[in-house]
Amino acid sequence: MNIFRTSSDASLRPTPLALGSLSLALIAALAACGGGNAQLNPNQKPQGKVDVPLLVSDASNENWATIGVKLLKLSLTKQDGSSVDVPLGSPSLPINLAQLNQIGELLNKVTLNAGDTFTGVTATLAANPGDISLTVAADPEPGFAETAGTQIPSGRIQIQGATGAAGAQTVTVPVKFDKPLVVPSTPGAAINVEFDLDHPAFLTGHVPVGSGQTTWAVNFNGPVKHKKVTDLTRLVMRHHYGKVVSLSSDNSSLTYSKQLPTTPVVTPETATDTGVNVTVLADATNGTLVYDIDTKRESTVKSFASVSSALAAGKYVRVATRYQQNGTLVATRVWIASVFNTVWLSPEGHVLRINNAGTELVMSDEAGKPVKMVIDGKTQFFFRTPENAQSDTTAIGSGPAFAAGKNLVRGFKVHVQAVDPLAPTLVAKTVDIETAAYDGRISSVTPAGFIYTRGFNNGGDYNVSMSYIDAATANGTDANGNPINGFKYWNWGLPNQVSSGADAVSSFIKATNGSAVDFGGTAGQVYAQGASYARWGNKAAPNGWSVPWVVLSPTNLPLATVASVNNATNSFTITVPKGSKPVKVNYSTTSGSATLAYQVDRNKDKVTVTPQDLSSTAGLAALTQGLTVGTRVAISAIPQADGTLKAYTLKFYSGSQLPK
């Protein structure tokens, strides 16, 4: 999701990938993951001890190929105020958040006492110049302030809340759980603590009048949400990179030292050894697919015995994994090479476009460059479904016909394996679809489905009919833990207020049909927008995608100007470039659902982002003082049926250097 506008000429458009978040997933499970060279055997745990593996994940932003951070420390806060540190192995873990699109990067585990209660977690990140890296994507949206593929100089990145001496600065992010976590005595439960990367204060671009250089303010202390996960087997994890340590004596398991790619990308790519050993099992029932990139051999194995020579100590691997209910990790696919750069080379990123014939896939890689992949008759497409071992290793389609049929669209997060990653022309052998994200304007809403329409800067536009999942399909739980079947939806920022059940579809139709706001002139209209992560092969669409849910998402408006203010009704009107009439904007001051407001101040090239809690007297006073006729504002809002806008976020600008 784009959370700013730095160009006054930007047109009205949907908020892309509106499901973004960085989350620390704390999975209460007995996992086969250990620290250093010590191996964890769940059967040897002292009674009452439970291993909690930690993952980090987020959703991508189409404008960024790299949002690189260095994670220094994680600690859990107990109910009595004491803390438990999570061993991370390496003193500094480089993580590219832009590649973790609703998928998890396994970090390590911490051993806890069953029955202990924890109320939160604290993350510590490095905050020196250069510790946060930003690289623009290969094809950012129209009006974006930076050129495709640009690596932002550290001098134009300002980290909010940094403390400490020069060269040793850090930023600390405390997170309070919605409900205390009581460590269970049995495996299977999971929770996500989400840092919302799409929050408007996370990345704020500021261009002062008279200057062409954008300063990016990075703020990690935005809203944090607790997302309940009740089934760890459904977690989709990023492919692991590792260096082989050993095979078990019976060849049933593989142990490797976890590696993380260097961020930002270098050529050839190198790895950081995390010091954490991970053990994965071969899939003894369905088989693990093994690809030896050096010899170009492939096989399906139910133990690693037949490929033991290829998995010699010191070899590098890329491993697709899934959790079993008992917390053990199973390898669904393994790629092997003698050099780290070879297992890393096959591109990982987001789909940019597919040609009409379905013979060429263009995707954005971590370096912010477009990568062309040839799709031939042997290319296989997989959709990650870790909760179903058989479908997780079964191709859902193959060849150009699958790609040409709009089964792969811009925004999908994919990891592609090339037949030969060193060849001048890359031919896709396999395409792992890790998340199938659709978003955009919602139209033609009926009891059977609706249309998602999305336009982009340089191709990849789509106009796709989507069906709701079958009414009998299990679809999570509500805020009270009751099971939900069939389609559901909710408003962005209010995930606990889910509309589900027999009336969900009819309610969705009422919420989305006829919602358009008109600024007049050539500014265009604001329509209902949404975002979904689709499922493949549901009963509603056995050979295609269907949506289990929709998040009604706000639209980012161009940088606007306040035309009038009515503090008594918590509203004001705005005008936008190329518009001919003002539009009313309503904001909320209700605790728990108040509009997210931020004062953005720039003086002497220093940008300060200050959250203002509109449910408090002080926060509301700051807004009313700062929101006057002529104030420049950046707003994301949801259109209402009466022609007004309901503000989800509101940034108002002050200081001696105002945005242009």
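Residues numbered from 1 in each chain as written. Predicted model: local features only at pLDDT ≥ 70, side-chain atom pairs only at ≥ 80, totals over all residues. Heavy atoms only, no water.

The name an unreviewed UniProt entry assigns to the protein chain is DUF5666 domain-containing protein, from the organism Heterosigma akashiwo.

Caption draft 1: Highlighting the packing of aromatic side chains. This structure, assessed with the given rule, holds 26 aromatic pairs. With centroids separated by 4.9 Å and ring planes inclined at 85°, the aromatic side chains of Phe-383 and Trp-545 adopt a geometry described as edge-to-face. Placement of the pair is Phe-383 in strand 27 (residues 380-383) and Trp-545 in strand 41 (residues 545-547), with a sequence separation of 162 residues. By the burial criterion, Phe-383 is buried, and Trp-545 matches it. The structure contains a cluster of three or more aromatic residues connected by ring pairs, namely Phe-381, Phe-383, Phe-402, Phe-412, Tyr-438, Phe-456, Tyr-462, Trp-536 and Trp-545. A cation sits over an aromatic face here: Arg-333 above Phe-382, 4.3 Å from the ring centre. (Phe/Tyr/Trp six-rings, centres within 6.5 Å; stacked < 30°, edge-to-face > 60°. Helix = DSSP H or I, 4+ residues; strand = E, 2+ residues; numbered from the N terminus. Buried < 20%, exposed > 50% of the residue type's maximum accessible area, 1.4 Å probe, protein only. Lys NZ or Arg CZ within 6 Å of the ring centre and 35° of its normal.)

Caption draft 2: Structural context of unusual backbone geometry. Geometrically, the link from Thr-263 to Pro-264 is a cis peptide bond, its omega value of -5° lying close to zero. Mapping Pro-264 onto the fold places it in the loop between strand 18 (253-261) and strand 19 (271-282). Following Thr-267, the chain continues into Pro-268 via a peptide bond in cis, with omega recorded as -10°. With a phi close to 60°, Lys-296 is a non-glycine residue in the positive phi region. Among the secondary structure elements, Lys-296 is positioned in the loop between strand 20 (288-292) and strand 21 (297-301). With a phi close to 70°, Lys-578 is a non-glycine residue in the positive phi region. One can find Lys-578 in the loop between strand 45 (571-575) and strand 46 (583-586). According to the relative accessible area criterion, Lys-578 is exposed, its value standing at 51%.

Caption draft 3: Layout of the pattern of salt bridges. Under the counting rule described, the total for this entry stands at 13 salt bridges. For the salt bridge of Arg-238 with Glu-348, the shortest nitrogen-to-oxygen distance reads 2.8 Å. Residue Arg-238 is located in the loop between strand 16 (224-229) and strand 17 (240-247), and its partner Glu-348 is located in strand 24 (residues 348-354); the two are separated by 110 residues in the primary sequence. A relative accessible area of 3% places Glu-348 in the buried class. Overlapping salt bridges bring together Arg-238, Glu-348, Lys-413 and Glu-434 as one network. (Salt bridge = Lys/Arg side-chain N within 4 Å of Asp/Glu carboxyl O.)

Caption draft 4: Here's a closer look at the confidence of the model for the protein chain. Scored by pLDDT, the protein chain comes out at a mean of 84, with 84% of its residues at no less than 70. Within the model, the stretch residues 1-22 combines pLDDT values under 50 with 113 contacts to residues more than four positions away or in other chains. Low pLDDT (under 50) marks residues 27-46, which in the prediction has 70 contacts with non-local residues, meaning those over four places away or in another chain. (pLDDT = per-residue confidence, 0-100. Contact = heavy atoms within 4.5 Å.)

Caption draft 5: Structural context of the UniProt feature "domain: DUF5666" (unreviewed entry) in the protein chain. The positions UniProt marks with the feature "domain: DUF5666" (unreviewed entry) are residues 305-334. Between the C-alpha atoms that bound residues 305-334 there is a distance of 14 Å. The span itself is 0% helix and 47% strand. (UniProt positions renumbered as here; feature names shortened; annotations may be inferred.)

Caption draft 6: Helix 5 (residues 617-626), seen in detail. Looking only at helix 5, the buried set comprises Gly-619, Ala-622 and Leu-623. Down the axis of helix 5, the sector holding all buried residues measures 95°, keeping them to one side. Opposite its buried face, helix 5 presents the exposed residues Thr-617, Ala-618 and Gln-625, each directed more than 90 degrees away. Each element contacted by the buried residues of helix 5 is listed here: strand 48 (606-613) and strand 50 (645-654). (Arc of directions from axis to C-beta.)

Caption draft 7: Quick peek at the nonpolar core. In terms of nonpolar packing, the biggest core is built from 45 residues, with Phe-412, Tyr-438, Phe-450, Phe-508 and Trp-545 touching the most fellow members. Both domains that meet at this core, namely domain 3 (348-435) and domain 4 (438-553), each give it at least three residues. Those residues in contact with Trp-545, other than ones at most four positions away along the chain, are Phe-383, Ile-396, Asn-407, Phe-412, Ile-433, Ala-436, Tyr-438, Met-466, Ser-467, Ala-534, Arg-535 and Trp-536. In this structure, Trp-64, Val-110, Leu-134 and Ile-159 belong to the second largest nonpolar core, which totals 39 residues. (Core = buried A, V, L, I, M, F, W, Y, C linked by side-chain atoms within 4.5 Å. Domains from an automatic or database assignment.)

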